[in-house]
Amino acid sequence: AADIIALSEEYGLDVSRCGGKACESGRSGHLLQIFIKRNILDDLAYSAKPYGEVDPERHPLSRWLAGDSPTNYGQARIVAHPKWFMSPGFVRMYVASADQAFHERRAEFQDKLMRLISSAVDTPELRKRAAAGIYGGAMPEWWSIELAKREARLAKQAARFKWLDILRSR
């Protein structure tokens with residue numbers, strides 16, 4: 001955790017609530033947009049009143065969003081189920097930060113953060129054990145296909161990081 005806080009401070013991310021420094025701009029806000037495939041929307045989200053109570057007037061959420069009703073009010077709650085959030089093609093997320101300096105360096109920060117996190121799951125066996133824990137011990141059917149794709153992506157990332165390190169050391 002201390003390594004993550006130190007990295008966050010290096011890139012100007014506000015970690016004052018975690019015992020670290022505040023961002024210099026004072027603009028610590030972030031926007032997260034989550035896009036969910038319509039065919040699983042009602043499995044992952046529901047229309048809500050403030051504090052999370054189901055809003056029956058706008059439930060199910062998919063029907064309300066597809067209708068002619070105004071959508072400039074109301075809340076929704078999303079269950080971040082790993083089965084769907086880890087499955088490519090079902091959920092997409094986009095982010096933006098109010099602090100321009102952090103936002104401009106977000107990709108670099110995320111690369112370094114991934115290196116830190118990857119060291120905790122740096123072998124296929126560790127990743128499989130982590131996923132098995134998420135899925136209650138039984139691996140999902142799609143895991144082997146996605147594992148092969150993920151391993152290929154990780155190998156490319158590792159090669160890229162190696163080249164970045166070589167270029168930076170010159």
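These lines cover the structure that appears in this document, whether it is placed above or below.

Cut-offs and rules
- Residues numbered from 1 in each chain as written.
- Predicted model: local features only at pLDDT ≥ 70, side-chain atom pairs only at ≥ 80, totals over all residues.
- Heavy atoms only, no water.
- Salt bridge = Lys/Arg side-chain N within 4 Å of Asp/Glu carboxyl O.
- Buried < 20%, exposed > 50% of the residue type's maximum accessible area, 1.4 Å probe, protein only.
- Phe/Tyr/Trp six-rings, centres within 6.5 Å; stacked < 30°, edge-to-face > 60°.
- Helix = DSSP H or I, 4+ residues; strand = E, 2+ residues; numbered from the N terminus.
- Core = buried A, V, L, I, M, F, W, Y, C linked by side-chain atoms within 4.5 Å.
- Contact = heavy atoms within 4.5 Å.
- 1 Å grid on protein atoms, 1.4 Å probe; cavity = no way out; pocket = protein on both sides within 12 Å on 5 of 7 lines; lining within 4 Å.
- Points joined across faces, edges and corners; volume = space filled by probe spheres on them.
- Nonpolar A, V, L, I, M, F, W, Y, C, P; charged D, E, K, R; others polar.

We now examine the pattern of salt bridges. Taken as a whole, this structure holds three salt bridges when the rule is applied. We note a salt bridge from Glu 53 to Lys 49, for which the minimum N-O separation is 4.0 Å. The exposure class of Lys 49 is partly exposed, given its relative accessible area of 34%. Across the pair Asp 55 and Arg 58 runs a salt bridge, and its minimum N-O distance is 2.8 Å. The exposure classification of Asp 55 matches that of Arg 58, with both residues buried.

What follows concerns the packing of aromatic side chains. Aromatic rings in a pair are described by how distant their centres are and how their planes are angled relative to each other. As enumerated under the stated definition, the model contains five aromatic pairs in all. Aromatic pair Phe 35 and Tyr 94: ring centres 5.7 Å apart, planes at 75°, arrangement edge-to-face. Remark: Tyr 94 occurs in strand S4 (residues 91-97) and Phe 35 occurs in strand S1 (residues 30-36); sequence separation between them is 59 residues. With a centroid separation of 5.7 Å and an interplanar angle of 75°, the aromatic rings of Trp 64 and Tyr 73 are classed as edge-to-face. A relative accessible area of 9% means that Trp 64 is categorised as buried.

This paragraph deals with the nonpolar core. In terms of nonpolar packing, the biggest core is built from nine residues, these being Ile 36, Ile 40, Leu 41, Leu 44, Ala 45, Leu 61, Trp 64, Trp 84 and Val 91. Going through the elements one at a time, helix H2 (38-44) and helix H3 (61-66) are the ones with two or more residues in this core. Looking at this core element by element, the count peaks at three residues for H2. Not counting chain neighbours up to four residues away, the residues in contact with Leu 44 comprise Ile 36, Arg 77, Ile 78, Val 79, His 81, Trp 84, Phe 85 and Val 91. In terms of nonpolar packing, the next biggest core, distinct from the first, is built from six residues, Leu 7, Tyr 11, Phe 109 and Leu 113 among them.

Next up on the list: the layout of surface pockets. Taken as a whole, the largest pocket holds about 1300 Å³ of empty space. Phe 85, Met 114, Arg 150, Arg 153 and Gln 157 are the residues nearest the centre of the largest pocket, which is lined by 29 residues in total. Here the lining of the largest pocket takes eight residues from helix H8 (residues 143-168), the largest share from any one element. Grouping the amino acids of the lining of the largest pocket by side-chain chemistry returns 17 nonpolar, five polar and seven charged. Taken as a whole, the second largest pocket holds about 200 Å³ of empty space. In terms of lining residues, the second largest pocket is bounded by 14 residues, among which Glu 9, Tyr 11, Gly 12, Ala 22 and Glu 24 are the most central. Mapped by element, the contributors of at least two residues to the lining of the second largest pocket are helix H1 (2-10) and helix H5 (100-104). Ranked by the residues each element gives to the lining of the second largest pocket, the list is headed by H1, at three residues. Among the residues forming the lining of the second largest pocket, the class breakdown is six nonpolar, two polar and six charged.

In short, geometric facts, not functional conclusions.
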